[in-house]
Amino acid sequence: ELCRPGLVRFDGLPTQLSQESRSWDELVAIVPERLHLSQTAHLICAIETSGLGDQVQTRISRVEQLLQQVADNATTGPNVSLICYGPHTFDRAGADELSVLTWAENTDVALSALSRLRYRDAVAIGYARAAQIECVLTEVAARLTDRQGRPALVVVGSRPPFPNRQGADTKVPPCPRGSDWRAALQRLAKHPGSVFG
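Residues numbered from 1 in each chain as written. Predicted model: local features only at pLDDT ≥ 70, side-chain atom pairs only at ≥ 80, totals over all residues. Heavy atoms only, no water.

## A look at the state of the cysteines
And then number 1: Taken as a whole and assessed by the stated rule, the structure comprises zero disulfides.
And then number 2: Unpaired in terms of disulfides, cysteine 135 finds its nearest cysteine sulfur in cysteine 175, a separation of 3.6 Å.
And then number 3: By relative accessible area, which is 4% here, cysteine 135 ends up buried. (Disulfide = S-S within 2.5 Å. Buried < 20%, exposed > 50% of the residue type's maximum accessible area, 1.4 Å probe, protein only.)

## Concerning the packing of aromatic side chains
And then number 1: The tally for this structure, following the rule as stated, stands at zero aromatic pairs.
And then number 2: In this structure, arginine 143 is placed above the aromatic ring of tryptophan 103, and the distance from its NZ or CZ to the ring centre is 5.5 Å. (Phe/Tyr/Trp six-rings, centres within 6.5 Å; stacked < 30°, edge-to-face > 60°. Lys NZ or Arg CZ within 6 Å of the ring centre and 35° of its normal.)

## Points about the side chain of serine 179
And then number 1: Along the polypeptide, serine 179 turns up in the loop between β6 (150-156) and α5 (181-189).
And then number 2: Since its relative accessible area comes to 9%, serine 179 is described here as buried.
And then number 3: Apart from residues lying up to four places away in sequence, serine 179 is in contact with Glu134, Cys135, Thr138, Pro163 and Asn164. (Helix = DSSP H or I, 4+ residues; strand = E, 2+ residues; numbered from the N terminus. Contact = heavy atoms within 4.5 Å.)

## Thoughts on the confidence of the model for the protein chain
And then number 1: In the predicted model, the protein chain carries a mean pLDDT of 84, and the fraction of residues at 70 or more is 87%.
And then number 2: Looking at the elements of the protein chain, mean pLDDT is at its lowest for strand β1 (residues 2-4), recorded as 77, and at its highest for strand β4 (residues 79-85), recorded as 95. (pLDDT = per-residue confidence, 0-100.)

## Focus on the pairing of β6
Both faces of the sheet carry side chains from a regular strand, because those side chains alternate between them.
And then number 1: Pairing between strand β3 (residues 41-48) and β6: seven bridges, direction parallel. Looking at the pairing, isoleucine 44 lines up with leucine 153 of β6.
And then number 2: Relative to strand β7 (residues 195-196), β6 runs parallel, the two being bridged by two bridges. Residue pairing in the sheet places leucine 153 in a bridge with phenylalanine 196 of β7. (Pairing = 2+ DSSP bridges.)

## Notes on the nonpolar core
Soluble globular proteins tend to bury their nonpolar side chains together.
And then number 1: Core analysis: the biggest nonpolar cluster contains 21 residues, and Ile44, Ile83, Val136, Val140 and Leu188 have the highest contact counts within it.
And then number 2: Elements with a minimum of two residues in this core: β3, β4, β5 (98-105), α4 (133-143) and α5.
And then number 3: If you tally residues by element for this core, the top one is α4, at six residues.
And then number 4: Among the nonpolar cores identified, the runner-up in size contains 17 residues, and Val80, Leu82, Ala110 and Ala152 belong to it. (Core = buried A, V, L, I, M, F, W, Y, C linked by side-chain atoms within 4.5 Å.)

## Examining the packing of helix α2 (residues 53-73) against helix α3 (residues 107-118)
And then number 1: Contact geometry for α2 and α3: axes closest at 10 Å, N-to-C directions at 165°. Judged by the angle between their axes, α2 and α3 are roughly antiparallel. Crossing handedness for the pair α2 and α3: left-handed. For the pair formed by α2 and α3, the contact residues are Gln57, Ile60, Ser61, Val63, Glu64, Leu67, Gln68 and Ala71 on the first element and Thr107, Ala110, Leu111, Leu114, Ser115, Leu117 and Arg118 on the second. (Axes fitted to C-alpha atoms, helices over the stretch in contact; angles between N-to-C directions. Parallel < 35°, antiparallel > 145°, perpendicular 65-115°, else oblique. Left-handed = near helix turned anticlockwise from the far one by under 90°.)

## Notes on the pattern of salt bridges
And then number 1: With the rule as written, the count across this model stands at four salt bridges.
And then number 2: Residue arginine 22 is joined to glutamate 20 by a salt bridge in which the shortest nitrogen-to-oxygen separation is 2.7 Å.
And then number 3: Across the pair arginine 143 and glutamate 139 runs a salt bridge whose closest N-O atoms are separated by 2.6 Å. Taken together, the residues arginine 143 and glutamate 139, both in helix α4 and four residues apart, mark about one turn of the helix. (Salt bridge = Lys/Arg side-chain N within 4 Å of Asp/Glu carboxyl O.)

## Focus: the environment of valine 63
And then number 1: Tracing the backbone shows valine 63 in helix α2.
And then number 2: Sequence separation between valine 63 and alanine 46 is 17 residues; the distance between their C-alpha atoms is 9.0 Å.
And then number 3: Once residues lying within four places of it in the same chain are set aside, the contact partners of valine 63 are Cys45, Ile47, Leu82, Leu114 and Val156.

## A few points about a nonpolar patch on the surface
And then number 1: On the surface, Leu2, Val8 and Phe10 cluster together into a nonpolar patch covering about 380 Å² of accessible area.
And then number 2: Its location among the elements puts phenylalanine 10 in the loop between β2 (7-8) and α1 (24-30). (Patch = residues over 30% accessible without salt bridge, like charges linked within 9 Å, V, L, I, M, F, W, Y side chains within 5 Å. Areas by Shrake-Rupley, 256 points an atom, 1.4 Å probe, with all protein chains shown as cover.)

Below, the structure is given as structure tokens:
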């Protein structure tokens, strides 16, 4: 793990190192002649589109920068998915702001979708204490397959998720869909090589 420039941490190594009895030739013989390229990445970006217009534009810009950086530095581009979300409305007449803009598309398609998102009006701030991250995680967990690549999920927003039920320790109302962000995160973490940001 590259923690920061100049600091690398190795996880998963045995705490006790043991003596190797095989010869150098035997060790070289077990190394494959060619290493296969790692699996394609699947970059999933969730953007909170509620709040002040400048905040939303900054979030979109950050995701554009990330996608452009990935496109400029990758030999093969990742699959990219974009999801926008906001708070739950708790109003029968209003619709929640959760929209899958792209799913497992190339970087150009994703950048095009982001540029269109830039011209949409910001969603009203709505409920200020939480946003529907729990529904985003549930949606991603339902859609994700191993064929789309190693998942890397980036959430760009400022509010925490809604709980799945009302607790005594919080005044935040529960998700009206009953989505549980912890359960969804556990499902996502089961995909090999998953990373979250």
